[in-house]
Amino acid sequence: MKILQIDHLGIAVSTLEEGKKFWCDALGLKLEGTETVEEQKVTTAFCPVGESEVEMLVSTSPDGPIAKFIEKNGGKGGFQHVAFRVENIEEALAELKQKGVKLIDETPRLGAAGCKIAFLHPKSTGGVLVEISERP
């Protein structure tokens, strides 16, 4: 498996306006657009930082994974996941599975911006939700 770089940091926010107060207004990051991923019940908003990005995540449904994360976090958002860009996601998943890493996604799914993504279970990563991503 070849990890190319940290692709993005996923930050759960209750609303995009709330998230923008810190990430855009205070830090000066530029919002490069939003995209809703219906299957994941989330709207994403990316702010580039060098070769990586901050991804603000807003739930589109009360039963979505981001809404559940915020609920578990006492009603507050926060750091939700780290994503690593890989050269070949299918090979990366096969290698990780062979090494005994528990996968949330056995096969890649479609994420924002047409990326192929897959999540690794926090039980295998020291408690951190890890995403691997392959860009088109």
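Placed above this text is the structure.
Residues numbered from 1 in each chain as written. Predicted model: local features only at pLDDT ≥ 70, side-chain atom pairs only at ≥ 80, totals over all residues. Heavy atoms only, no water.

A. Main features of the environment of Ala92. Of note, Ala92 is situated in helix H3 (residues 89-98). Residue classification places Ala92 among the buried positions, given a relative accessible area of 1%. As a C-alpha pair, Ala92 and Thr36 span 56 residues in sequence and 26 Å in three-dimensional space. Ala92 has contacts with Met1, Val86 and Ile132, leaving out every residue within four places of it along the chain. (Helix = DSSP H or I, 4+ residues; strand = E, 2+ residues; numbered from the N terminus. Buried < 20%, exposed > 50% of the residue type's maximum accessible area, 1.4 Å probe, protein only. Contact = heavy atoms within 4.5 Å.)

B. Quick peek at the nonpolar core. Membership of the largest hydrophobic core is limited to 12 residues, which are Val82, Val86, Ile89, Ala92, Leu93, Leu96, Val101, Leu103, Ala118, Leu120, Val130 and Ile132. Counting residues per element, the ones that place at least two in this core are strand S5 (78-86), H3, strand S7 (116-120) and strand S8 (130-134). Beyond its immediate sequence surroundings of up to four residues, Val82 is in contact with Ile6, His8, Leu9, Val128, Leu129, Val130 and Glu131. With 11 residues, the next largest nonpolar core counts Val13, Leu29, Ala45 and Val58 among its residues. (Core = buried A, V, L, I, M, F, W, Y, C linked by side-chain atoms within 4.5 Å.)

C. Fine view of a nonpolar patch on the surface. There is a patch of nonpolar side chains on the surface, built from Ile6, Leu9, Phe79 and Val128 and spanning about 300 Å² of accessible area. Of note, Ile6 is situated in strand S1 (residues 3-12). With a relative accessible area of 40%, Ile6 lands in the partly exposed category. (Patch = residues over 30% accessible without salt bridge, like charges linked within 9 Å, V, L, I, M, F, W, Y side chains within 5 Å. Areas by Shrake-Rupley, 256 points an atom, 1.4 Å probe, with all protein chains shown as cover. Salt bridge = Lys/Arg side-chain N within 4 Å of Asp/Glu carboxyl O.)

D. Highlighting the sheet that holds strand S6 (residues 109-110). Taken together, the 8 strands give an open sheet; going across it, the order is S2-S3-S4-S1-S5-S8-S7-S6, and neighbouring strands pair in mixed fashion. Edge positions in the sheet fall to strand S2 (34-37) and S6, since each of these pairs with one other strand and no more. Of the strand pairs in this sheet, S1 and strand S4 (residues 52-59) are connected by 5 bridges, and their pairing is parallel. Each residue of the ladder has a partner; that of Ala12, found in S4, is Leu57. Strand contacts of helix H1 (residues 16-26): S1, S2, strand S3 (42-49) and S4, with the helix running at about 155° to S4, the strand carrying the most contacts. (Pairing = 2+ DSSP bridges. Axes fitted to C-alpha atoms, helices over the stretch in contact; angles between N-to-C directions.)

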